[in-house]
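# Notes for the structure review
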Amino acid sequence: MSDTIGTDTPYTALGFYHKISQLRADTWNALKRDLGKLVNLQDEAQSRNLVKAVDIKLTRLEIIEDYHAFPSKEDFRHLWHLFNRQEYSLLEKVVKRLVRAMISESYRRRQVDLSETDADAEDLETLDALAQLRRGHPTSNSSSQPYFEVLIVDAMSLQEEEVVREAFHNLRRPEDKFVYDVVTVRSFEDALIAILVNPNIQACLIRYEFPYKSKYNLSALRNYLEGISEVELESKSEAERSILLSSMIREIRPEIDQFLVTSGDVEVTASRDIRHFNRIFYRETDYIEQHHTILRAIDNRFRTPFFDALREYSRKPTGVFHAMPISRGKSITRSHWAGQMIDFYGINIFLAETSATSGGLDSLLQPYGPIKKAQEYAARAFGSRQSYFVTNGTSTANKIVVQALVKPRDIVLVDRDCHKSHHYGMVLSGAHVAYLDSYPLNDYSMYGAVPLREIKKTLLEYKRSGQLDKVKMLLLTNCTFDGVVYNVRRVMEECLAIKPDLVFLWDEAWFAFATFNPTYRPRTAMHAARYLRDRYRSEEYAAEYAAWKEEFDQLDPNDDATWLDRPLLPDPESVRVRTYATHSTHKTLTSLRQGSMIHVYDQDYRQKVEAPFHEAYMTHTSTSPNYQILASLDVGRMQAEMEGFELVHSQVEAALSLREQLYTNPLLNKYFEVLKNSDLVPAEFRQSGVETYYDPNAGWNKMEEAWAQDEFVVDPTRITLSIGKTGIDGDAFKNDYLMNQYGIQINKTSRNTVLFMTNIGTTRGAIAYLLDVLIKLAKSFDRRWEESSRPERKIIEHQVKSLTHDLPPLPDFSRFHDAFRPHVDAGTPDGDIRRAYFLSYDEENTEYLRFDNGELQRAMNAGRDVVSASFVIPYPPGFPVLVPGQVISEEILYFLQALDVTEIHGYRPELGLIVFTEEALLATSECSE
Ligand SMILES: Cc1ncc(COP(=O)(O)O)c(C=O)c1O
């Protein structure tokens, strides 16, 4: 499929960096095919063309393989040697072997030497390939020594390079926990390219004496190298250059263990800022020391303390005189009826089912052992200061955070389209809620996210009304279900300029994976928090702030434009970075369902939050947490730290392939339109001006640009397809077409869109299947049209028009009724949602009004404020269009009438909407006065 994609574009530009691993595999396969043809060809002209094609492919591959341990530089010399001597049959044989070794990954288990014909080695490789054919995937690393690569940055000669590689090879021992190979690069830029294109690199030895410039043109590095001039770098001392390189590696792939090898004065080097290095070696230090240090560092990430403890526990013979008859499978192994559970799950899961918190295990509620360690490792992986495991999903994680930080009557600014757990969290905490509106995408019946201007405006309202001290928290969803991602740094920075101790809760239920990709990571809450904390402590920031303040103080503070039309900077003396993120780890990384995490980066956590956080955690956590979920979180963290970069990279690759096909296939275009950046993010929020990340000539070069600058960007791994032109609505398309006909599961739909999400488990095969299905569906719609009579065609046209033109505008949050507005006199919008929620518990306070027979409309026309007594949540869109205490507006009523969904929580069509009686509202207003 992607055989042709990009392989004709200059590889050296690495503009296709986002698709590099697919291109690598595709180019090797294409080379194998070309050689296969070449050796059987008689026609001279055709042969000449093929020889040229082979030359081009080899040249391209050599660049990529320069950054990989296998095939080695020696192997490549061998390939060129055969090519130059026109020994094409032999070359074909070697390339075939090489491709087979790459697919079966046998180079991870044993050294593949292509330069000589080693019959035994070839037999083993054939066995690997056959075994893989049988299983359908390469051997998992669980049974063998996991493999990785060590990057050495040093301007060595080819001979020196071979010697070093040999030296490390010779240290391999069968009892080592891991096996590794060595890749060498000779310049600063090459080191960065290597860690971007080669996910196997897990450790890096930076030596002195390497130049800055690569011999290749590295446009993929543009964003990473911004602000660094070549001249400046060349003039840096060797030590400074190494330190700068290490901090850039840290920024791109923080998981990589880095070591400095110096020929200079170790003590002097050690006194510099070398925080990113695990250790410094003197050049003379022997390889054995380096070898063991590297293995140890990798083991530190590979360890899974709780999973290990649970496995260990499950092997111990124990007598159970406590709860859980299912523990050790006891209640089912002897059962005459329930043994099928063992048949299905196997025995291990039951051996690991226990209520014990001792004997090597731990207590989630008061961790002191392996759970504590596992959580500390999670903090390291996600860049937080503290991380906590949650076994009941982000729904619970959100409530824990809100309860830990928000007291009754604190004001919380909440994105109105957020997940329902937040609205319930507000009820539980007794917060006064100020809802913020997202920008609507009326053409697709979807919402975007909350513009920064809207947030600043609301904060300013509170400032001017003297209520700012009551505003405690800003709660936003990053990224939204549809993939709209905030500029988290900027939002926090500007809000902190108005309220320096504001707490941020970023619901990143869908964004745990983002930590493991360098383009995504800066837009995660934890990364942004750490970045801002460092920024506010720097001298450069103090100067930047002083200059900004001088200018700001000249402006009129009563003019809205002063605050809203220019970027604001917080005072470094008073600002506190207080950031929380919740992750549904199970949604985007390896974890059993409900496995979630809370990540904390709060400068005031220890003094102000730790105790209430503990209580909130106790409130919402079961005393019988599921150990399998905890173990899976531990393994999921380990996997993300070891191969998250690779997995997320391939997820992005898979999504980009799908997008490319959807953009360019004429049959698909007839019925489906894949929404681009510019469809989901209005121009005013795209400072970069980037409309789409994809350019057929330059590849996916634009993505970084948009992600670095824009107020909002779209995560390309979520693919929203507009299907209005099919005449079928989102819900029917999801159920009747995708699921029932083809077994394709999706979750989110709007009236005229469906959302396809890729994840770290999405394969190229799955993408090919989806494309195949969409093509079949497009053909079936063609047939439907051809075979329809004129009246039937009219019906189809009417359906298409209804889905593409007659779209009810999406309503904003109307307002809380004055009876529930504690600061009505100050004119601020917040409402006491808890009061409204519990008022409805007394039946006499509420009544039902139907809107299908005009009853509700009549009440509104007579001038009555009709106020909802419950949450009303249609699916889709899946968030409340009404909350308790909210006045029903004309727009909301119109929207509810126009909705053609069947599932509306909080609404019973035969009764109508539950609303407060006028008497109840009056009594409430009076008692609040
Ligand atoms: C934005 C958001 N937050 C929180 C949740 C709840 O997460 P969980 O299913 O882990 O409880 C969801 C679920 O879809 C969500 O979309």
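Please read these numbers as outputs of a predicted model, since none were measured by experiment.

Now for the overall build of the chain. Helix and strand content of the chain: 36 helices and 24 strands. A compact globule built from 929 residues should have a C-alpha radius of gyration of about 30 Å, and the chain, at 30 Å, falls within 12% of that. When the backbone C-alpha atoms are referred to their principal axes, the chain occupies close to 95 × 80 × 80 Å. Every one of the 929 residues in the chain was classed for burial, and the buried ones make up 57%. Looking at the chain alone, contacts between residues at least 24 apart form 73% of all its contacts between residues at least 6 apart. For the chain, the exposed surface amounts to about 39,800 Å²; the carbon and sulfur share of it is 50%. Mean positive and mean negative side-chain charge positions of the chain (108 and 135 charges, respectively) differ by 3 Å.

Our next topic: the confidence of the model for the chain. Residues at a pLDDT of 70 or more form 92% of the chain, whose mean pLDDT is 89. For the stretch residues 1–15, pLDDT sits under 50, and the model shows 44 contacts to residues farther than four places along the chain or on other chains.

We now examine the sheet that holds strand E11 (residues 471–477). Taken together, eight strands build an open sheet; the order of strands is E6-E15-E14-E13-E11-E7-E8-E20 and the sheet is mixed. Each having just a single partner strand, strand E6 (386–390) and strand E20 (831–832) make up the two edges of the open sheet. By the bridge criterion, five bridges tie strand E13 (residues 503–507) to strand E14 (residues 578–583) in an arrangement that is parallel. Opposite Val-503, over in E14, you have Arg-578 as the bridge partner.

Evaluation of the coordinates by the stated rule reveals 52 salt bridges. Across the pair Arg-48 and Glu-44 runs a salt bridge, and its minimum N-O distance is 3.8 Å. Of this pair, Arg-48 and Glu-44 both sit in helix H2 (residues 44–65), separated by four residues, roughly a single helical turn. Of the two residues examined, Arg-48 and Glu-44, each falls in the exposed class. Here Arg-108 ties to Glu-105 by a salt bridge, and the two come within 3.5 Å at their closest N and O atoms. Residue class for Arg-108 comes out buried when judged on its relative accessible area of 11%.

Across all of its chains, the model carries 51 aromatic pairs by this definition. Ring pairing ties together the aromatic residues Phe-148, Phe-168, Phe-178, Tyr-180, Tyr-287 and Phe-302, which thus form one cluster. Directly above the aromatic system of Tyr-377 lies the positively charged group of Arg-380, at a separation of 4.5 Å from the ring centroid. We note Arg-385 situated over the ring of Tyr-601; from NZ or CZ to the ring centre the distance is 4.7 Å.

Taken together, 13 residues form the shell around the ligand, and within it Thr-394, Ser-395, Asp-507, Ser-584 and His-586 come nearest. Between the ligand and Thr-394 there is a distance of 2.8 Å, counted from an oxygen atom to a backbone nitrogen or oxygen. Side-chain polar atom of Lys-587 to an oxygen atom of the ligand: 3.1 Å apart, as the coordinates give it. Protein contact buries 83% of the 390 Å² of open area that the ligand shows by itself. When contributions to the shell around the ligand are tallied by element, the ones reaching two or more residues are helix H17 (393–405) and helix H24 (585–588).

Criteria and cut-off values
- Residues numbered from 1 in each chain as written.
- Predicted model: local features only at pLDDT ≥ 70, side-chain atom pairs only at ≥ 80, totals over all residues.
- Heavy atoms only, no water.
- Helix = DSSP H or I, 4+ residues; strand = E, 2+ residues; numbered from the N terminus.
- Rg over C-alpha atoms; globule rule 2.2 N^0.38 Å.
- Buried < 20%, exposed > 50% of the residue type's maximum accessible area, 1.4 Å probe, protein only.
- Contact = heavy atoms within 4.5 Å.
- Areas by Shrake-Rupley, 256 points an atom, 1.4 Å probe, with all protein chains shown as cover.
- Lys, Arg positive; Asp, Glu negative; His and termini not counted.
- Charge placed at Lys NZ, Arg CZ, Asp CG, Glu CD.
- pLDDT = per-residue confidence, 0-100.
- Pairing = 2+ DSSP bridges.
- Salt bridge = Lys/Arg side-chain N within 4 Å of Asp/Glu carboxyl O.
- Phe/Tyr/Trp six-rings, centres within 6.5 Å; stacked < 30°, edge-to-face > 60°.
- Lys NZ or Arg CZ within 6 Å of the ring centre and 35° of its normal.
- Near = heavy atom within 4 Å.
- Polar contact = N/O pair within 3.5 Å; in protein donor to acceptor, adjacent residues only side chain to side chain.

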